[in-house]
Amino acid sequence: MTSVTTATDLTKGTASRSAEARKGRILVVDDEANARNALAELLDDAGYSVSTAADGRTALLQLEQADPDVVLTDLKMPSMDGLTLIKTGRPLSPHATFIVMTAFATIDTAVQAIKLGAESYLTKPLELDAVIAIVDRALERTRLSREAAELRARVDDRFQLGNIIGEHPSMQRLMKNVAQVAGSRATVLIHGETGTGKELIAAAIHQNSKRKDRPFIRLNCASLSETLLESELFGHERGSFTGAMSRREGRFKQADGGTLFLDEVSEIPPSVQIKLLRFLQEREFERVGGNETLKVDVRVVAATNRHLKQRVDEGRFREDLYYRLKVVQLDVPPLRVRRSDIPLLAHAFLRKYAEENDRQVQGLSDEALQHLMIYPWPGNVRELENAIERAVVMCQGDLIRRDDMPTSAHGDLQNGSVMALIPGITMAELERIAILRTLDAVDGSTARAAEILGISQRKIQYRVKEWGYQAPTLD
Ligand SMILES: Nc1ncnc2c1ncn2[C@@H]1O[C@H](COP(=O)(O)OP(=O)(O)OP(=O)(O)O)[C@@H](O)[C@H]1O
Ligand SMILES: [Mg+2]
């Protein structure tokens, strides 16, 4: 852009007062001096930092160098019209919000301008209130756009595995561990509360291994009866049980050369535990009702949202199998202990669901984000994802507001407004809030929490197990 000789225009305009205290940088583009100066003065008086350009080329230079928040441009200008300015200028200042002004407002040009990325249009003669309202909205849009880009850049910068998002140190450490173990055949046990991303991590392990072109087979061990689970895993011979009409291969066979993901591994009944143990030790098994010994090359990744050690202590899970499974154990932290990841996740889900639903949602209002930051997320990332999806679908404008969030009993606690939820909240919810918040405050020590709450430690442990709550000191 060195050929442009009007650089002195840059310092003209009315951007004379200190820019820092100002409400935002506005660029006014109009070939007509009177209109240009009048608008600039008006905006300057209203507290914005204003610069002006008399033609499209000067405006482009300003876009590149001054990175304005909002551009108010005339449509009909001699050398370069407003539409061309938007088209050419957008890449130079990707976050700037464009507003077109025209005296000959026809639906056509306005629609065209908006297609090119203008936010809205103003018709001349301008009305002060309308200008201020539109400029303020535009500033908000620019701010969100900058914020979203910054969050995106942060995600891109960070160490990332597959679709796993997380820059909190605990997640960064986890991803490094995932990358490290992925290459080996070591059995991995992934432990974490519901919705923390265990399956995502299992998939990342597979994707980052030499097995990635071989099958990734998943089985939820809690969803099948004992007989069916055994046959599902190892296959069966014809007639081995009622309904077994023909020989069938199991998941182990299907996963040959690849990875078998055993979800909710804690729910495997004892008879199947023995068979799984044998596979992990000998790499071999027989089909249900068969004698032929089969050998397959399968890497096992298991997940649980329960404390498997506790199941061992209760005599419900074989200790030898427990140790075979947790050759490597990965703990996925609950969302509430890595709250700094919430904005990143929320924006990623927002983009995903806005695109999926063809909605022009730009971001989250401050109150909405604040709500997300204080909410305890018992359902972890899955719950956050669902909340954002719902908000994207429900939201009216281009911004998700607090009202688009599910109203939940636990949400507003840290504002001290738990009292405001009464009446309207059940005793069970109240108990849950009290126990979880106290546990969080004492780093998960059930003994300390029991003391504070004045109830028995056993009761807390019982509840905590029921909810699948994970605290760092419990295991
Ligand atoms: N770190 C993350 N980044 C991006 N998306 C995530 C992350 N963690 C979880 N998710 C998303 O949240 C949802 C739940 O994750 P996933 O199914 O892996 O959880 P889970 O731990 O297996 O839960 P459950 O114990 O209930 O089976 C998925 O849609 C997943 O894509
Ligand atoms: Mg899962």
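We now turn to the structure provided with this report. (Residues numbered from 1 in each chain as written. Chains lettered and ligands numbered in written order. Predicted model: local features only at pLDDT ≥ 70, side-chain atom pairs only at ≥ 80, totals over all residues. Heavy atoms only, no water.)

**Some remarks on the pattern of salt bridges**
Right, so step 1: The final tally for this structure, using the stated rule, is 36 salt bridges.
Right, so step 2: Asp 74 is the salt-bridge partner of Lys 124, the closest N and O atoms lying 3.2 Å from each other. Pair noted here: Lys 124 is in the loop between β5 (118-123) and α5 (128-157) and Asp 74 is in strand β3 (residues 70-74), with a separation of 50 residues, a long-range link.
Right, so step 3: For Asp 74, a relative accessible area of 6% puts it in the buried group.
Right, so step 4: For Glu 431, the salt bridge identified is with Arg 463, shortest N-O distance 2.8 Å. (Salt bridge = Lys/Arg side-chain N within 4 Å of Asp/Glu carboxyl O. Helix = DSSP H or I, 4+ residues; strand = E, 2+ residues; numbered from the N terminus. Buried < 20%, exposed > 50% of the residue type's maximum accessible area, 1.4 Å probe, protein only.)

**Focus on the side chain of His 347**
Right, so step 1: Following the sequence through the fold, His 347 ends up in helix α13 (residues 342-356).
Right, so step 2: Relative accessible area serves as the criterion here: at 5%, His 347 is assigned to the buried category.
Right, so step 3: When sequence neighbours within four positions are dropped, the list of residues in contact with His 347 reads Ala 148, Leu 151 and Leu 364. (Contact = heavy atoms within 4.5 Å.)

**Some thoughts on helix α17 (residues 446-453)**
Residues spaced three or four apart along an α-helix face the same direction, because each turn holds 3.6 residues.
Right, so step 1: Every buried residue of α17 is accounted for by Thr 446, Ala 449 and Ala 450. Buried residues along α17 cover an arc of 100 degrees about the axis, so they all sit on one side.
Right, so step 2: Note on α17: the residue one or two positions beyond its end, Gly 454, has a positive phi of about 70 degrees. (Arc of directions from axis to C-beta.)

**Quick notes on the packing of α13 against helix α14 (residues 366-374)**
Right, so step 1: Where α13 meets α14, the closest approach of the two axes is 10 Å, and the angle between their N-to-C directions is 120 degrees. Between α13 and α14, the angle falls in the class oblique. Like other packed secondary-structure pairs, α13 and α14 cross with a definite hand, here right-handed. Counting all contacts with α13, which are made through Ile 342, Pro 343 and Ala 346, the residues of α14 involved are Leu 369, Leu 372 and Met 373. (Axes fitted to C-alpha atoms, helices over the stretch in contact; angles between N-to-C directions. Parallel < 35°, antiparallel > 145°, perpendicular 65-115°, else oblique. Left-handed = near helix turned anticlockwise from the far one by under 90°.)

**Thoughts on the site of ligand 1**
Right, so step 1: Ile 165, Thr 194, Gly 195, Lys 198 and Glu 385 are the nearest of the 19 residues found near ligand 1.
Right, so step 2: A distance of 2.8 Å separates an oxygen atom of ligand 1 from a polar backbone atom of Gly 195.
Right, so step 3: One nitrogen or oxygen atom from the main chain of Glu 199 is found 3.1 Å from an oxygen atom belonging to ligand 1.
Right, so step 4: For ligand 1, the protein covers 84% of the area, taking 630 Å² as the surface of the free molecule.
Right, so step 5: When contributions to the shell around ligand 1 are tallied by element, the ones reaching two or more residues are α7 (198-207), α13 and α15 (380-394). (Near = heavy atom within 4 Å. Polar contact = N/O pair within 3.5 Å; in protein donor to acceptor, adjacent residues only side chain to side chain. Areas by Shrake-Rupley, 256 points an atom, 1.4 Å probe, with all protein chains shown as cover.)

**What to know about the sheet that holds strand β7 (residues 216-220)**
Right, so step 1: Spatially, five strands are ordered β7-β8-β11-β6-β12 in an open sheet, and the strand pairing comes out parallel. The open sheet has two edge strands with one neighbour each: β7 and β12 (328-332). Geometrically, the sheet is characterised by an average inter-axis angle of 20 degrees between neighbouring strands, direction not taken into account.
Right, so step 2: Its contacts with the sheet place helix α6 (residues 169-182) against β6 (188-192), β11 (299-304) and β12, and it is angled at close to 150 degrees to β12. (Pairing = 2+ DSSP bridges.)

**Here we look at the side chain of Arg 311**
Right, so step 1: Within the secondary structure, Arg 311 is located in helix α11 (residues 308-313).
Right, so step 2: Dropping the residues within four chain positions of it, Arg 311 is found in contact with Ser 266, Glu 267, Arg 306, Arg 316 and Phe 317.

**With respect to a nonpolar patch on the surface**
Right, so step 1: Taken together, Ile 107, Val 111, Ile 114 and Tyr 121 make up a surface patch of nonpolar side chains, about 350 Å² in accessible area.
Right, so step 2: By the secondary structure assignment, Tyr 121 is in strand β5. (Patch = residues over 30% accessible without salt bridge, like charges linked within 9 Å, V, L, I, M, F, W, Y side chains within 5 Å.)

**Focus on the sheet that holds β3**
Right, so step 1: Spatially, the five strands line up as an open sheet ordered β2-β1-β3-β4-β5, and their pairing is parallel. Strands with a single pairing partner mark the edges of an open sheet, and in this sheet they are β2 (49-53) and β5. Looking at each pair of strands side by side, their axes are set apart by 20 degrees on average, direction ignored.
Right, so step 2: In this structure, strand β1 (residues 25-29) lies alongside β2, joined through five bridges in parallel fashion. Bridge pairing links Val 28 to Thr 52 in β2.

**Some remarks on helix α1 (residues 33-45)**
Right, so step 1: With 13 residues, α1 extends 18 Å between its outermost C-alpha atoms, agreeing within 8% with the 18 Å of an ideal straight helix rising 1.5 Å per residue.
Right, so step 2: Within α1 the residues assigned to the buried category are Arg 36, Leu 39, Ala 40, Leu 43 and Asp 44. Looking straight down α1, one finds that the buried residues subtend no more than 135 degrees of arc, so they occupy a single side. More than 90 degrees from the buried face of α1, the exposed residues found are Asn 34 and Asp 45.
Right, so step 3: Two residues or fewer past α1, Gly 47 is found with a positive phi of approximately 100 degrees. (Expected span 1.5 Å × (residues − 1).)

**Brief notes about the packing of helix α2 (residues 56-66) against helix α3 (residues 82-89)**
Right, so step 1: Orientation of α2 relative to α3, taken along the N-to-C sense of each, is 25 degrees, at an axis distance of 10 Å. On the basis of the axis angle, α2 is roughly parallel to α3. Along this stretch, α2 crosses α3, giving a crossing that reads as right-handed. Residues Gly 56, Ala 59, Leu 60 and Leu 63 of α2 lie in contact with α3, whose contacting residues are Leu 85, Thr 88 and Gly 89.

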